[in-house]
Amino acid sequence: MSANKRILMGANQPPLSEGVLESTQKVVHEALERLGYGEGYFELLKEPLRLLTVRIPVRMDDGQVKVFTGYRAQHTDAVGPTKGGIRFHPSVTAEEVSALSLWMTLKCGIFDLPYGGGKGGIICDPRTMSLGEVERLARGYVRAISQIVGPNKDIPAPDVYTNAQIMAWMLDEYSRIREYDSPGFITGKPLVLGGSQGREKATSFGVAISIREAAKLQGLNIQGLKVCIQGFGNVGSHLAEILDQWGATIVGISDVHGGIFDEKGLDVPYLLDRRDSFGSVTNLFSKRLSNAEFLMQPCDVLVPAALENQITNENVGDIRAKMIVEAANGPTSLEASEKLHERGVLVVPDVLANAGGVTVSYFEWVQNNQGYYWTEEEVNRKLEDKMVEAVHKVLNMAKSRSITPRLAAYMVGVQKYAEASRLRGWV
């Protein structure tokens, strides 16, 4: 139904696979060791400080009551309130929200935001639910977690299969409970309810800046840079539009149906005009590559912007890109990242490249708190300043210490929380 299609537009990417928390913890452990922090710091930071499980009764349209399970993970509040999205998906697990809350901590640390990481989710499939059922579920979730969230406690945001409308319902429910309007409780809201200009394209804009600055550090110019983008959803399509406007050459894009590639460049405005609401456009072309073949195409920059675990030990030897910039969460395995590093292929990690969204969410929260709102130009300028500083800080550390950019990003990201925990006397 059309209502559920609007909900689907909030989807960023599918849930993470099992074992992602363990692999994230492995890098965090090494980062803390290299920074000189003892085992106690890892024990504190390896998992969320809090993980709340809730049961949410919802009366469905047929009159029956269905009970949903939801989670809210708060990784650390050592430097301020926690921050992170809420996803609606049938495969949500406690391990997944725990891992994602840790990733959010790292992103906030890299960009020096006054937050720790948070994440939430509900086990459900909104694609099979009416708009009214989704609204009742969203409001029920806020009632269930209301004691541990708030503008100075934990600030939610949209994630997989959630969007601005769902954030509006959650804001309204929270305001009813607290009996005063509290726009800073949640971000990713509609503009008329205190949302920020520039939020829709923030992740894509941040990825584009990451590409430009990483290329600059390698002596390359964005003009004429040949780019392949895996995934043509919200992030991938906006990224293609931005890079095309900047003079880069988009030589390949892919979606669920496969990929198209032309070394001379694709007609990006045509592709954007023809893509459907689910990010599909390659089905219009008779000659398509498989998604596996697409990853092997020669280019200056490959941007995985769809699924996790796309570049692994099995296919890393076939990757012909000179640089990989991760717009998706976890698209490159740790082993593949190491092998690419050994080959001299620069991998700009997800916790750095795709953090534009949480950074502009921070800007939204600041605007809500001060009651003064910025233009889109101001938001983009502030985001660009943050992205440029973070990219140079991480990549210069990686170069100076002869380590992977992923490890460098984790070192930059985790240090703030280790030091804050020390100063508080927690460790």
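Before going into details, it helps to say that this report is about the structure given with it. (Residues numbered from 1 in each chain as written. Predicted model: local features only at pLDDT ≥ 70, side-chain atom pairs only at ≥ 80, totals over all residues. Heavy atoms only, no water.)

Considering the packing of helix 14 (residues 376-401) against helix 15 (residues 405-424)
What counts here: Between N-to-C directions, angles cover 0 to 180 degrees, with each direction set by a line fitted to C-alpha atoms, over the stretch in contact for helices. Per the convention used, a helix needs a DSSP run of H or I reaching at least four residues, while a strand needs a run of E reaching at least two, with both numbered from the N terminus. Crossings are assigned a handedness: left-handed for a near helix turned anticlockwise from the far helix by less than a right angle, right-handed for a clockwise turn. Contact between two residues is taken to exist if any of their heavy atoms lie within 4.5 Å; hydrogens are not considered. Gly is put with the polar residues, along with every residue not named as nonpolar or charged; the nonpolar set is Ala, Val, Leu, Ile, Met, Phe, Trp, Tyr, Cys and Pro, and the charged set is Asp, Glu, Lys and Arg.
Between helix 14 and helix 15, the shortest axis-to-axis distance is 8 Å and the interhelical angle comes to 115 degrees. At the point where helix 14 passes helix 15, the crossing takes the right-handed sense. Judged by residue contacts, Lys393, Val394, Leu395, Met397, Ala398 and Arg401 of helix 14 engage Pro405, Ala408, Ala409, Met411 and Val412 from helix 15. A per-class count over the contact of helix 14 with helix 15 returns 9 nonpolar, no polar and 2 charged.

Some points on the pattern of salt bridges
For clarity, the cut-off: Salt bridges, as used here, are contacts in which a Lys or Arg side-chain nitrogen is within 4 Å of a carboxyl oxygen on Asp or Glu. For the exposure calls, accessible area comes from a 1.4 Å probe over protein chains only, and a residue counts as buried if that area is under 20% of its type's maximum, exposed if over 50%, partly exposed in between.
A full pass over the atoms with the stated rule returns 24 salt bridges. Note that arginine 72 is salt-bridged to aspartate 154, the shortest N-O span being 2.7 Å. Residue arginine 72 is located in strand 2 (residues 65-74), and its partner aspartate 154 is located in strand 5 (residues 154-158); the two are separated by 82 residues in the primary sequence. Both residues of the pair, arginine 72 and aspartate 154, belong to the buried class. The salt bridge partner of glutamate 364 is lysine 189, with a shortest N-O separation of 2.6 Å. One end of the pair, glutamate 364, is in helix 13 (residues 356-370); the other, lysine 189, is in the loop between helix 6 (164-178) and helix 7 (202-217), and 175 residues separate them in sequence. Given the relative accessible area of 0%, glutamate 364 is considered buried. Residues participating in the shared-partner salt-bridge network are Glu135, Arg139, Arg143, Asp172, Glu173 and Arg176.

Quick notes on the sheet that holds strand 9 (residues 299-304)
Using the following cut-off: Strand pairing is assigned whenever DSSP detects at least two bridges linking the two strands.
Strand order across the open sheet formed by 6 strands is 8-7-6-9-10-11, with mixed pairing between neighbours. Every other strand in the sheet has two partners, leaving strand 8 (258-261) and strand 11 (346-348) as the edge strands with one partner each. Geometrically, the sheet is characterised by an average inter-axis angle of 20 degrees between neighbouring strands, direction not taken into account. Here 3 bridges tie strand 9 to strand 10 (residues 321-325), and the two strands are oriented parallel to one another. Residue pairing across strands places valine 301 opposite methionine 323, the latter belonging to strand 10. Its contacts with the sheet place helix 8 (residues 234-246) against strand 6 (226-230), strand 7 (249-255) and strand 9, and it is angled at close to 165 degrees to strand 6.

Keep in mind these numbers describe shape, not what the thing actually does.
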